[in-house]
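# Topology and contacts: notes
These are the residues of each chain, in order.
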Amino acid sequence: MSDRWPSADRPTPDAVERRRIVVEATLEGRTSVVAGHVADHDDRVRASAILGLHKLGALAPVMARAAAVDISPRVRRTLASIAAERNDVDMAALLADPDATVCETACWAAGERAHEASSLVEQLSGLATDHDDPLCREAAVAALGAIGARAGLPAILAATADRATVRRRAVIALAPFGGPEVTKALEAALDDRDWQVRQAAEDLLAISDETESS
């Protein structure tokens with residue numbers, strides 16, 4: 001990854017002022033001013049410029065590609081946050097990002113692009129079961145539920161045995177699916193020690209019963 005721009009842990013007064021200029025220029029539609037800061041040496045300014053250009057409809061693919069390999073997780077995370085609205089962003093690369101906050105945001109974006117994210121199901125399944133960060137596992141499970149591809153079901157079922165926050169998300173993510181394995185997982189969740197998991201399972205089973213009886 002490029003080390004052209006060192007990460008700034010604490011912005012200087014000059015960087016704060018440049019970021020203010022970017023934000024104001026975005027609000028005022030001054031695209032050239034915003035674009036002039038995409039290579040700023042402060043990552044907060046670069047992130048604001050990337051977001052501003054996206055809002056102005058002026059973020060060129062070459063800029064998005066540069067942001068995807070920026071040394072700063074803040075910039076890469078900003079790109080991930082807008083990836084749900086763009087088809088020129090390499091989602092697979094963002095999902096594989098070593099920074100957990102970037103990966104989590106990319107999982108969210110993949111779920112938002114569910115209609116075209118079927119190619120990411122295998123990668124999301126791996127994140128849902130194997131990522132070290134529980135927030136990434138939770139976000140990956142949510143994305144799999146939003147996509148609703150049968151290939152993602154095993155990972156969702158496995159997540160029903162994860163920590164409580166992931167289990168809650170996994171039970172909800174079972175909503176698009178049916179079958180004996182899903183019913184078995186929901187019935188097991190009725191005895192979960194977390195009340196929110198139990199409630200989600202109860203709600204989904206009730207919906208399933210209503211559907212079958214109608």
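Scope of this entry: the structure provided in the associated data block. Because the structure is predicted, anything quoted here is derived from the model rather than measured. (Residues numbered from 1 in each chain as written. Predicted model: local features only at pLDDT ≥ 70, side-chain atom pairs only at ≥ 80, totals over all residues. Heavy atoms only, no water.)

### Things to note about the overall build of the protein
As a reminder, the rule being used: A run of H or I in DSSP counts as a helix once it spans at least four residues, and a run of E counts as a strand once it spans at least two, with each numbered from the N terminus. The contact criterion used throughout is that any non-hydrogen atoms of two residues lie within 4.5 Å. Per-residue and other accessible areas follow the Shrake-Rupley method at a 1.4 Å probe size, with only the shown protein chains counted as cover for residues. Note on charges: Lys and Arg go in the positive column, Asp and Glu in the negative column, and His and the chain ends are not counted at all. Charged side chains are reduced to one point each, which is NZ for Lys, CZ for Arg, CG for Asp and CD for Glu.
Of regular secondary structure, the protein possesses 13 helices and zero strands. Each helix and strand of the protein, placed in order from N terminus to C terminus, yields the pattern α-α-α-α-α-α-α-α-α-α-α-α-α. With the C-alpha coordinates of the protein rotated into their principal frame, the extents come out at 60 × 30 × 25 Å. Nonlocal contacts in the protein, meaning residues at least 24 apart in sequence, comprise 58% of its contacts between residues at least 6 apart. A total accessible area of about 11000 Å² is found for the protein, and carbon and sulfur atoms account for 52% of it. Within the protein, the 34 negative side-chain charges are centred at a point lying 6 Å from the centre of the 24 positive side-chain charges.

### Focus: the pattern of salt bridges
Just so we agree on the cut-off: The term salt bridge refers to a pairing of a side-chain nitrogen on Lys or Arg with a carboxyl oxygen on Asp or Glu at a separation within 4 Å.
Evaluated as defined, the whole model comprises 15 salt bridges. The residue Arg76 makes a salt bridge to Asp97 at a minimum N-O spacing of 2.5 Å. Taken together, the positions of Arg76 in helix α5 (residues 73–82) and Asp97 in the loop between α6 (91–95) and α7 (100–112) put the pair 21 residues apart, joining distant regions of the chain. Note that Asp192 is salt-bridged to Arg167, the shortest N-O span being 2.7 Å. Taken together, the positions of Asp192 in the loop between α12 (180–189) and α13 (195–213) and Arg167 in helix α11 (residues 164–173) put the pair 25 residues apart, joining distant regions of the chain.

### Things to note about α12
Short version of the rule: Residue exposure (1.4 Å probe, protein chains only): buried if accessible area is under 20% of the type maximum, exposed if over 50%, otherwise partly exposed. The reported arc concerns the directions from the helix axis to the C-beta atoms and nothing else.
Along α12, the residues that are buried comprise Val182, Ala185, Leu186 and Ala189. Considered in projection along α12, the buried side chains sweep an arc of 95° and stay on one side of the axis. Pointing more than 90 degrees away from the buried face of α12 are the exposed residues Pro180, Lys184 and Ala188.

### Focus on the nonpolar core
Stated precisely, the cut-off is as follows: Only buried residues count toward a nonpolar core, which is a set of Ala, Val, Leu, Ile, Met, Phe, Trp, Tyr and Cys residues joined through side-chain atoms within 4.5 Å.
Core analysis: the biggest nonpolar cluster contains 61 residues, and Leu94, Cys107, Leu124, Val171 and Leu186 have the highest contact counts within it. Broken down by element, this core gets its largest block of residues, seven residues, from helix α9 (residues 134–147). Contact partners of Cys107, with chain neighbours within four places excluded, come to Leu95, Leu124, Leu127, Cys136, Ala139, Ala140 and Ala143.

### Considerations on the side chain of Thr26
Structurally, Thr26 can be placed in helix α1 (residues 13–28). Thr26 sits in the buried class, given a relative accessible area of 14%.

### Quick notes on α9
The cut-off we apply is this: A helix's residues, less one, multiplied by 1.5 Å, set its expected span. Within 3.5 Å is the distance limit for a polar contact, defined as a pair of N or O atoms, with the added protein rule that one can donate a hydrogen and the other accept it, and that residues adjacent in sequence qualify only through two side-chain atoms.
Look at α9: 20 Å from first C-alpha to last across 14 residues, which is about the 20 Å you get at 1.5 Å a residue. Buried residues of α9: Pro134, Cys136, Arg137, Glu138, Ala139, Ala140, Val141, Ala143, Leu144, Gly145 and Ile147, and no others. Buried residues along α9 sit against α7, α8 (121–130), α10 (153–159) and α11. Two to three positions downstream of the cap, the backbone nitrogen of Leu135 sits 2.7 Å from a side-chain oxygen, assigning the N-cap of α9 to Asp133.

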